[in-house]
Amino acid sequence: MKAVGLVVLAAFLVAFPSLASDPFVLSVGVVIASYAVLATGWNFVGGFTGYISLGHAAYSGLGGYATGLLILRAGLNPWVALVVGALVVAVLAVPVGIAALRVRGASFVIVSIAVVLVLLLVFQSWGSVTGGSDGLRVPRPFDADVLRPEQHQRFFHLHAVLLGVMLLCWWVIDRSRFGMGLKAIREDEDKARSLGVPTVRYKLAAFVVSAFFTALGGGLYALWFGFLDPIFQFSILVGSNMVLMSLLGGVRSLFGPLVGAVVVGYATEFSKAQYGDTQLHLVAMGVLLAVVVLFLPDGIIPALRGLVARLRPGQASIREVTQEELVRR
Amino acid sequence: MSLVFQSLVLGVLMGGLYALLAAGLTLYFGVMRVVMIAHAAFLVLAAYLAWAFTVGTGLDPMLSLVVTVPLFFAVGVGVQRLLVARLRPATMTMMSVLLTFAVALAVEGALGLVFTGTHRRLPLSYAGARLELFGASVALVKLIAFGLAVVTLAGLHVLLKVTRFGQALRATMQHREAARLLGVDTDRVAGYGFGLGLATAAVGGTALALDATIYPSLHWAWIGPLMAIIVVGGLGSVGGAAIAALLLGVGQNLLQLPLGTTWAQTFFYAALFVTLILRPQGFFGGRLAQRF
């Protein structure tokens with residue numbers, strides 16, 4: 001059952017570019033794939049440890065800028081620059097993680113927001129290196145004779161491959177001792193610590209992995225889009241989008257962020273195409289986020305699973321509730 | 001020398017305003033352990049209401065406080081009772097951040113829809129007036145904003161220290177269960193605490209509008225500095241936040257001389273990170289902050 005689902009998903013990802021009716025639909029597909037990559041990257045820290053970062057735009061933005069600057073200033077091959085850039089971001093994430101993970105809950109969120117705001121200031125003011133408020137033009141990795149639709153197609157597949165690798169990593173961690181430790185931190189950090197989980201090291205490792213993948217996603221987006229503006233790269237909105245998508249789909253599920261990205265991404269792009277870019281988007285996003293937080297904090301996937309389980313025949317008249325479900329309520 | 005003194009005076013005035021703007025945040029955190037991201041958005045909302053009031057009626061923006069303060073109090077109680085109190089206690093801290101973030105987005109979007117994105121500035125007859133203060137030249141509007149901050153914070157202090165409600169509020173902040181055992185209706189007090197916090201946003205937003213150009217997305221620029229202030233001061237400590245606001249305001253203004261305005265902004269974040277590394281519970285907070 002699961003294997004069939006995976007094969008269908010993979011087949012869809014491979015075939016989507018040829019199914020897309022025109023380049024615009026294809027470009028929307030790339031945007032949604034990019035959202036999915038970023039949201040899944042966020043979920044390495046948000047889903048496993050329960051530390052909700054509103055500032056992951058810092059790592060996607062840094063990834064994009066690192067890739068662009070390494071190509072322009074160091075003359076690296078674009079693909080090498082993408083990976084090296086993400087590694088640089090991962091190294092940068094270590095001190096940030098050490099400072100941010102010293103505190104829990106509210107203060108962590110504050111720090112995550114502060115990092116984005118600092119980077120916005122730095123990248124806007126440090127014009128000689130970063131291009132400042134005028135932005136940075138990132139050269140395209142493919143030759144000029146590769147036309148736009150062809151570009152979209154290639155980037156869609158690149159995003160799909162990256163997403164596949166990330167999902168595999170998430171799946172492996174989910175089943176590992178490391179993942180158990182992270183989830184223990186999410187449920188009760190003090191108890192986890194008293195049971196011998198090296199909480200500081202585990203949290204930091206998850207944070208750095210998350211920053212690395214998010215930076216790869218940001219870098220890939222930069223190569224596709226070809227232009228970086230600090231206002232849009234280091235925006236709290238980008239980070240909150242990752243949170244919204246992951247929460248909507250379900251942070252405890254492997255495919256949660258992907259599902260959330262498809263729903264939110266499709267809705268955003270559809271309404272942009274239909275009604276233009278208005279302030280109504282902000283209101284809609286705010287309302288949706290509030291609804292998810294208040295009524296669907298576990299996300300769509302667990303909600304649907306619960307519904308299916310309830311409707312399935314053969315249920316005992318007294319519903320059995322596991323300890324985990326009890327705690328979650 | 002006179003330039004440094006001038007910055008020092010301006011820094012104190014700015015710091016006073018910052019203290020007012022951050023006061024609400026410490027109240028929310030105190031009563032509900034909630035980091036209210038939407039506070040800055042409500043500041044901008046109050047600023048817009050003051051602007052609309054002055055443009056519409058031609059009266060002084062201060063008079064708009066008669067309407068906005070009770071209105072914001074009611075909205076604050078509503079936000080607490082209808083939204084924040086519904087969250088599960090186990091995930092309260094994280095989820096409330098997202099919830100209030102959602103409120104901030106909705107407020108910003110609504111401002112954009114109603115007032116458009118055009119930059120606005122209060123038309124004041126005394127906008128250009130300046131005063132000599134100990135040899136430093138200070139804009140009158142800055143003095144008025146500082147005065148508003150002092151009056152409001154002093155009022156808040158008296159309310160918290162002297163009245164019965166203030167006692168109940170402080171008890172709720174210190175230990176919710178114990179307060180309830182002593183007969184305090186903590187749910188209602190928490191609601192009023194929220195309302196009180198938002199009422200300070202009404203005053204703060206009006207003070208802000210006196211001397212700033214306003215636009216819907218302005219609140220992003222304020223979230224960071226305000227958060228830095230409450231962390232440096234110690235989450236949940238009203239007095240600590242006021243001291244931190246003064247120190248950071250003075251520091252920022254002095255740093256503007258050698259660094260320029262943009263880089264001086266980073267002072268807030270530098271202070272935030274230094275605080276987290278040296279003393280995560282904040283420099284002026286009590287035991288309360290230690291647990292977060």
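Residues numbered from 1 in each chain as written. Chains lettered and ligands numbered in written order. Predicted model: local features only at pLDDT ≥ 70, side-chain atom pairs only at ≥ 80, totals over all residues. Heavy atoms only, no water.

### Details of the overall build of chain B
Just so we agree on the cut-off: The numbering of helices and of strands both runs from the N terminus, where a helix is a DSSP run of H or I of at least 4 residues and a strand a run of E of at least 2. Atoms counted for the radius of gyration: C-alpha only. Globule rule: 2.2 Å times the number of residues to the power 0.38.
Each helix and strand in chain B was counted, giving 11 helices and two strands. Scanning chain B from its N terminus toward the C terminus, one meets helices and strands in the order α-α-α-α-β-β-α-α-α-α-α-α-α. Whereas a compact globule of 292 residues would reach a radius of gyration of roughly 19 Å, chain B reaches 19 Å, a difference of no more than 12%. A principal-axis box enclosing the C-alpha atoms of chain B has dimensions of 55 × 45 × 35 Å.

### Regarding the overall build of chain A
For the record, the criterion: Relative accessibility thresholds used throughout: buried, under 20% of the residue-type maximum; exposed, over 50%; partly exposed, between the two (1.4 Å probe, protein chains only). Each accessible area is a Shrake-Rupley result for a 1.4 Å probe, and residues are judged covered by the shown protein chains and nothing else. The convention is simple: Lys and Arg are positive, Asp and Glu are negative, and His and the chain ends are not counted. A single reference atom marks each charge: NZ on Lys, CZ on Arg, CG on Asp, CD on Glu.
Check the secondary structure of chain A and you find 16 helices and two strands. Taking 20 Å as the expected radius of gyration for a compact globule of 329 residues, we find that chain A reaches 20 Å, a close match to that expectation. Principal-axis analysis of the C-alpha atoms gives chain A an extent of 65 × 45 × 35 Å. Burial statistics for chain A: of 329 residues in total, 53% are counted as buried. Surface summary for chain A: the accessible area is close to 15300 Å², and the carbon and sulfur share equals 68%. Looking at charge distribution, chain A has the averaged site of its 24 positive side-chain charges lying 8 Å from that of its 17 negative ones.

### Looking at the pattern of salt bridges
All names here are of chain A. Quick reminder of the rule: The salt bridge criterion pairs a side-chain nitrogen of Lys or Arg with a carboxyl oxygen of Asp or Glu, the two atoms within 4 Å.
In this structure the tally under the stated criterion is 12 salt bridges over all chains. Here R175 and D174 are joined by a salt bridge, their closest N and O atoms 3.4 Å apart. For R175, a relative accessible area of 52% corresponds to the exposed category. Residue D174 is classed as buried on the basis of its relative accessible area, which comes to 19%.

### Some words on the confidence of the model for chain A
Quick note on the threshold: pLDDT expresses, on a scale from 0 to 100, how confident the predictor is about each individual residue.
Looking at chain A as a whole, its pLDDT mean stands at 85, while 95% of the residues score no less than 70. Across chain A, element-level confidence peaks in helix α10 (residues 199-225) of chain A with a mean pLDDT of 92 and bottoms out in helix α16 (residues 323-328) of chain A with 58.

### Quick notes on the interface of chain B and chain A
Counted only if it meets this: Contact definition: two residues touch when any of their heavy atoms are within 4.5 Å. Put simply, buried area is how much 1.4 Å-probe accessible surface two parts lose in total, over both of them, once they are put together.
Of the residues lining the interface, 39 residues belong to chain B; the matching set on chain A comes to 43 residues. Between chain B and chain A, a total of about 3600 Å² is buried, with carbon and sulfur atoms accounting for 84% of that surface. Ranking the residues of chain B by area buried against chain A places R88, M94 and L98 of chain B at the top, with a combined share of 18%. Linking chain B to chain A there are one salt bridge.

### Considering helix α4 (residues 92-115) of chain B
Residue and element names in this part refer to chain B. Where we set the bar: The span one expects for a helix is its residue count, reduced by one, times 1.5 Å.
Given a rise of 1.5 Å per residue, 24 residues ought to cover 34 Å, and the 33 Å separating the end C-alpha atoms of α4 matches this to within 8%. With 20 of 24 residues buried, α4 is to be regarded as a mostly interior element. Of the residues trailing α4, T116 is marked for its positive phi of about 60°.

### Quick word on unusual backbone geometry
You will see that R33 of chain B, though not glycine, has its phi angle at about 60°, which is positive. Secondary-structure assignment places R33 of chain B in the loop between α1 (2-32) and α2 (39-57).

### Here we look at the packing of aromatic side chains
Rules: In this analysis, rings of Phe, Tyr and Trp, with Trp reduced to its six-membered ring, are considered paired at centre separations within 6.5 Å, and the interplanar angle assigns stacked below 30 degrees, edge-to-face beyond 60, and tilted for intermediate values.
This structure, assessed with the given rule, holds 25 aromatic pairs over all chains. Centre to centre, the rings of Y65 of chain A and F234 of chain A are 5.9 Å apart; their planes meet at 10°, and the pair counts as stacked. Here the residue Y65 of chain A occupies a position in helix α3 (residues 57-74), and F234 of chain A occupies one in the loop between α11 (230-233) and α12 (236-249), the gap between them amounting to 169 residues. F234 of chain A carries the same exposure label as Y65 of chain A, and that label is buried. Their ring planes at 45° and their centres at 5.8 Å tell us that F101 of chain B and W220 of chain B sit as a pair that is tilted. Taken as a pair, F101 of chain B in helix α4 and W220 of chain B in helix α9 (residues 218-233) lie far apart in primary sequence, 119 residues in all.

### Overview of the side chain of Q252 of chain B
One can find Q252 of chain B in helix α10 (residues 238-259). Judged by its relative accessible area of 3%, Q252 of chain B falls in the buried class.

### Looking at the confidence of the model for chain B
Here chain B averages 85 in pLDDT, while 97% of its residues score no lower than 70. Within chain B, the element-level pLDDT minimum falls on strand β1 (residues 130-133) of chain B, averaging 75, and the maximum on α2 of chain B, averaging 92.

### With respect to the environment of D211 of chain B
Residue and element names in this part refer to chain B. Topologically, D211 is positioned in the loop between α8 (186-210) and α9. Using a relative accessible area of 28% as the deciding quantity, one classes D211 as partly exposed. For the pair D211 and V141, spaced 70 residues apart in sequence, the C-alpha to C-alpha distance is 6.2 Å. Ignoring any residue separated from it by four or fewer positions in sequence, one finds D211 in contact with R121, V141 and K142.

### Re the nonpolar core
Under the convention used in this document: Among the buried residues, those of types Ala, Val, Leu, Ile, Met, Phe, Trp, Tyr and Cys that are joined through side-chain atoms within 4.5 Å form a nonpolar core.
Grouped together as the largest cluster of nonpolar side chains are 198 residues, with contacts concentrated most on F42, F194 and I229 of chain B. Here the element with the most residues in this core is helix α5 (residues 105-125) of chain A; it accounts for 16 residues. Residues contacting F42 of chain B, with those up to four places away along its chain left out, are M36, F72, V75, V103, V107, L198 and A201 of chain B.

### Re the environment of G166 of chain B
All names here are of chain B. One can find G166 in helix α6 (residues 164-174). Judged by relative accessible area, G166 falls into the buried class, the value being 0%. With near-sequence residues (within four places) excluded, G166 lies in contact with L159 and L160.

### Here's the deal with a nonpolar patch on the surface
Residue and element names in this part refer to chain B. Put simply, the rule is: A patch consists of residues whose relative accessible area exceeds 30% and which take part in no salt bridge; residues with like charges are grouped when within 9 Å of each other, and nonpolar side chains (Val, Leu, Ile, Met, Phe, Trp, Tyr) when within 5 Å.
On the surface, I243, L247, V274, I277, L278, F283 and F284 cluster together into a nonpolar patch covering about 650 Å² of accessible area. Breaking the nonpolar patch down by element, the ones donating at least two residues are α10 and α11 (261-278). Tracing the backbone shows F283 in the segment after α11.

### So, the pairing of β1 of chain B
Residue and element names in this part refer to chain B. Applicable threshold: At least two bridges found by DSSP between two strands are what make those strands a pair.
Of the pairings in the sheet, the one linking β1 to strand β2 (residues 136-139) comprises four bridges and is antiparallel in character. Pairing of L131 across the sheet is with V138, part of β2. Hairpin geometry of β1 and β2 is characterised by an intervening segment of two residues between the two adjacent antiparallel strands and by a positive phi of about 50° at F134.

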